[in-house]
Amino acid sequence: WWRGGDVMTAIDLSHDTALVTGSGRNLGLAIATRLAEAGARVIVHARSDAEAAEAMRSIAALVPDARLSSVVFDLGVPQQVETAVASLMAQGLTPSVLVHNAAHLDAQSPGFLDQSRDEFREVFEVNLLGVHHLSQLAAAAMVDAGGGAIIMISSLAGERAIHGRPAYDASKAA
């Protein structure tokens, strides 16, 4: 969809199911809302049930006829990713669209000189390895279903570092 002045051209996604990682708030919530407006069945992803429920309430308030589901998992924990995808598939919620928006922002970083190897690795587990793992699982399901789309949201932090977030910057440049 494209917004230009007062004109909005909509894409009909009524035959699609979209999983948006990190859609409990901020950009992910906005993406999930737009997909719901376009008619997609939207699977809200968050790290807590409360955040997922609040996001679904927010979307439903703006898109009363939205078809919504939620899934809760930590993208950096492979077993949680696998369990979540298996649960979605068992419910008949195979995503035809996967939007990778979630990211570990490294917001609590003590800075480069004091950041531990484990703290650095945790960011990469989410921002790289978790994305890769979920993409593989979703892509396999999409192939079986006849196709789909995987969309990766990135950050300018891969080109211009954000002060105090060394692991995030490195993960976005990778």
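Structure's up top.
Presented here is an overview of the structure given in this document. Everything numeric in this text was worked out from a predicted model, so none of it was measured.

Thresholds applied
- Residues numbered from 1 in each chain as written.
- Predicted model: local features only at pLDDT ≥ 70, side-chain atom pairs only at ≥ 80, totals over all residues.
- Heavy atoms only, no water.
- Helix = DSSP H or I, 4+ residues; strand = E, 2+ residues; numbered from the N terminus.
- Rg over C-alpha atoms; globule rule 2.2 N^0.38 Å.
- Buried < 20%, exposed > 50% of the residue type's maximum accessible area, 1.4 Å probe, protein only.
- Contact = heavy atoms within 4.5 Å.
- Areas by Shrake-Rupley, 256 points an atom, 1.4 Å probe, with all protein chains shown as cover.
- Lys, Arg positive; Asp, Glu negative; His and termini not counted.
- Charge placed at Lys NZ, Arg CZ, Asp CG, Glu CD.
- Pairing = 2+ DSSP bridges.
- Axes fitted to C-alpha atoms, helices over the stretch in contact; angles between N-to-C directions.
- Right-handed = clockwise from strand over helix to strand, strands pointing away.
- Salt bridge = Lys/Arg side-chain N within 4 Å of Asp/Glu carboxyl O.

## Some details on the overall build of the protein
Piece 1. Along the protein, the regular secondary structure elements total five helices and seven strands.
Piece 2. Ordered by position in the sequence, the α and β elements of the protein form the string β-β-β-α-β-α-β-α-β-α-β-α.
Piece 3. On C-alpha atoms alone, the protein measures out to a radius of gyration of 17 Å, which is about the 16 Å that the 2.2 N^0.38 rule sets for 174 residues.
Piece 4. The principal-axis extents of the C-alpha atoms in the protein amount to approximately 50 × 40 × 30 Å.
Piece 5. Every one of the 174 residues in the protein was classed for burial, and the buried ones make up 39%.
Piece 6. In the protein, the proportion of contacts linking residues at least 24 apart, taken out of those at least 6 apart, comes to 68%.
Piece 7. For the protein, the exposed area adds up to about 9700 Å²; of that, 55% sits on carbon and sulfur atoms.
Piece 8. Looking at charge distribution, the protein has the averaged site of its 12 positive side-chain charges lying 3 Å from that of its 19 negative ones.

## Here's the deal with the sheet that holds strand S7 (residues 149-152)
Piece 1. Read from one edge of the open sheet, five strands run S5-S4-S3-S6-S7, paired in parallel fashion. Single-partner strands in this sheet number two, and they are strand S5 (67-72) and S7. With strand direction ignored, the average angle separating the axes of adjacent strands in the sheet is 15 degrees.
Piece 2. Against the sheet, helix H1 (residues 26-37) engages strand S3 (17-20), strand S4 (41-46) and strand S6 (97-100), with an angle of about 175 degrees to S3.
Piece 3. Taken strand by strand, helix H2 (residues 49-62) contacts S4 and S5, and its axis lies near 165 degrees from that of S5.

## Looking at unusual backbone geometry
Piece 1. Positive phi, close to 55 degrees, is recorded for Asn26, a residue that is not glycine.
Piece 2. Mapped onto the fold, Asn26 is located in helix H1.
Piece 3. On the basis of relative accessibility, which here comes to 60%, the residue Asn26 falls in the exposed class.
Piece 4. Phi at Asp106 is positive, roughly 60 degrees, even though this residue is not glycine.
Piece 5. With respect to the helices, strands and loops of the structure, Asp106 is situated in the loop between S6 and helix H4 (117-145).

## Quick notes on the pairing of S5
Piece 1. Note: S4 against S5, six bridges, orientation parallel. From the neighbouring strand, Ala46 faces S5, where its bridge partner is Val72.
Piece 2. Once the chain exits S4 it traverses H2 before rejoining the sheet at S5, and the crossover so formed is right-handed.

## Examining the pairing of S7
Piece 1. Where S6 and S7 come together, four bridges link them in parallel fashion. Following the sheet pairing, Val97 is matched in S7 by Ala149.
Piece 2. With H4 bridging S6 and its parallel neighbour S7, the resulting β-α-β unit is right-handed.

## Looking at helix H5 (residues 166-173)
Three- or four-residue spacings in an α-helix give side chains the same orientation, since the helix completes a turn every 3.6 residues.
Piece 1. Across the eight residues of H5, six count as buried, placing the element largely inside the fold.
Piece 2. The set of residues buried in H5 consists of Pro166, Ala167, Tyr168, Asp169, Ser171 and Lys172.

## Section: the pattern of salt bridges
Piece 1. In total, this model carries five salt bridges according to the counting rule given.
Piece 2. Residue Glu37 is joined to Arg34 by a salt bridge in which the shortest nitrogen-to-oxygen separation is 2.8 Å. Of this pair, Glu37 and Arg34 both sit in helix H1, three residues apart, which is roughly one turn of that helix.
Piece 3. Relative accessible area serves as the criterion here: at 37%, Glu37 is assigned to the partly exposed category.

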